[in-house]
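Spelled out from the first residue to the last, the chains are:
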Amino acid sequence: MPLTETQARNSKPSDRAYKLADGEGLFLFVQPNGSKLWRMKYRFAGKEKLLSFGAYPDLGIAAARAKRTAAKALLAEGKDPMKSKGEVISQEGATFFDVAKRWHENRKSALNAAHAERVWSRMERDVFPAIGEKLVHEITAPDVLAMIRKIEARGALDISRRAKQGVGQVFQFAIACGLASNDPTTHLRGALKPRPRVKHMSRLPLSELPAFIEKLHAYQEEGERRSSITRDAVLFALLTWVRTKELRFAAKSEFEDLGGKSPVWRIPAERMKMGREHLVPLSQQATHIAKSMIAAAPGEFLFPGNGPNMPLSENTMIYALYRLGYHSRQTVHGFRGLASTWANEQLVEFGKPPMWIRKYHEDWVELQLAHSEKNDVRGAYNAAEYLAPRRRMMQDWADYLSGGKVIDIKKAGKRAA
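Let me begin by describing the structure that accompanies this report. Because the structure is a prediction, the values reported are computed rather than measured.

## Observations regarding the nonpolar core
So, step 1. Counting 56 residues, the largest nonpolar core has Phe212, Phe236, Trp241, Trp265, Phe303 and Trp397 as its most contacted members.
So, step 2. Going through the elements one at a time, α8 (209-217), α9 (224-240), β6 (264-267), α11 (284-296), α12 (316-323), α13 (334-345), α14 (362-368) and α16 (387-402) are the ones with two or more residues in this core.
So, step 3. Not counting residues up to four positions away in its chain, the partners in contact with Phe212 are Leu204, Val234, Leu321, Leu324, Tyr326 and Phe335.
So, step 4. Residues Ile131, Met147, Val167 and Phe171 belong to the second largest nonpolar core, which totals 29 residues.

Spelled out as structure tokens, the structure:
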């Protein structure tokens, strides 16, 4: 009779070691010190041999039997399981952790290092404690859902979805390797807690931009010098699609080739939300502002604050929008959504018969916004990716704003000088 879980769990140490047989050579070896070890007796090349699988209960009965099955498969191929122990471990008796480790090693070289580290850390924090030691072919949809519910309980709904995605990718790898026949995450559609409705940052219709920028040109606060810095900072945010924090701490040393053909703003990883370096190709209009501010502004920051070597205040730009009459209608962060809307709506006619296609690929837009990765392609981002087409897109945006005298580059930056 095969060994039962109750028998294995309740077995007690004795004065002498003894065996509890499970069948087909597999047995649990109970030692006087209380340790319980899985072993398998087999014959190879006319000699009796003993194979060790691990200790109970760290290795359960099902896992031990799976390793026995893998060992017998090797014997059937004329291989000695003792010399092919790695193959025994990697067969269908592998735990989810075993397979996830192989999956991660298989894909790591194609990913950005920081993204690869985030994926593995998420597994270590949320996934492995729940299902890491389970046999991969025995994990069910309720097992995965129970893991996800714990993440949802702390309000981390985006992380719960990424965890589900990661588990699904491990199972797809397992299926390809013959280690599983089913991906339990495919049965979870509709089971995850929905995200709360996103409240988008306030932003104007594109049609109101000309009036907004005309008001911005006339903006005044305490002193012309402070007014000009605030005006050019708001305009620079609109031209570059960056977040407020990224702009406030912009250092003069981060700007490259301002007098050449490829001006760029290189924002270091430590200041970016996603923790990776970001390159912002600069339009002629943005370059003009940057050059003027570098020439005129004291200290290290492109847009200085009130004190020496102090950045622009956190509320300077948003309060300027309030004073201009745009409270609850336009935020600085909302410039990003406004620009994204413009870019995603641009179409060009192509081919014969003619058809309309996007002028700017969505990856160009996502990378320009430095958004989080949506898949492995975006996760494998490097700072210079799509820099040439993004530069054309940003110049088109600036020219769009300049059309009909929306932005006059002679005015932009001139006051700071």
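Still to come is the rest of the account.
## As for the pairing of strand β7 (residues 278-281)
So, step 1. Across the two faces of β7 the burial is the same, with His278 and Val280 and Leu279 and Pro281 all buried.
So, step 2. Taken together, the four bridges between β6 and β7 define a ladder with antiparallel strand orientation. For Arg266, the partnering residue across the bridge sits in β7 and is Leu279.

## What about the pattern of salt bridges?
So, step 1. Tallied over the entire structure, the rule returns 17 salt bridges.
So, step 2. Arg266 is paired through a salt bridge with Glu256; the nearest N and O atoms lie 2.8 Å apart. Of this pair, Arg266 sits in strand β6 while Glu256 sits in strand β5 (residues 255-256); the two residues are 10 residues apart in sequence, bridging distant segments of the chain.
So, step 3. Relative accessible area serves as the criterion here: at 30%, Arg266 is assigned to the partly exposed category.
So, step 4. Through salt bridges with shared partners, a single ionic network connects Asp22, Glu24, Arg65, Arg68 and Lys72.

How each quantity is defined
Residues numbered from 1 in each chain as written. Predicted model: local features only at pLDDT ≥ 70, side-chain atom pairs only at ≥ 80, totals over all residues. Heavy atoms only, no water. Core = buried A, V, L, I, M, F, W, Y, C linked by side-chain atoms within 4.5 Å. Buried < 20%, exposed > 50% of the residue type's maximum accessible area, 1.4 Å probe, protein only. Helix = DSSP H or I, 4+ residues; strand = E, 2+ residues; numbered from the N terminus. Contact = heavy atoms within 4.5 Å. Pairing = 2+ DSSP bridges. Salt bridge = Lys/Arg side-chain N within 4 Å of Asp/Glu carboxyl O.

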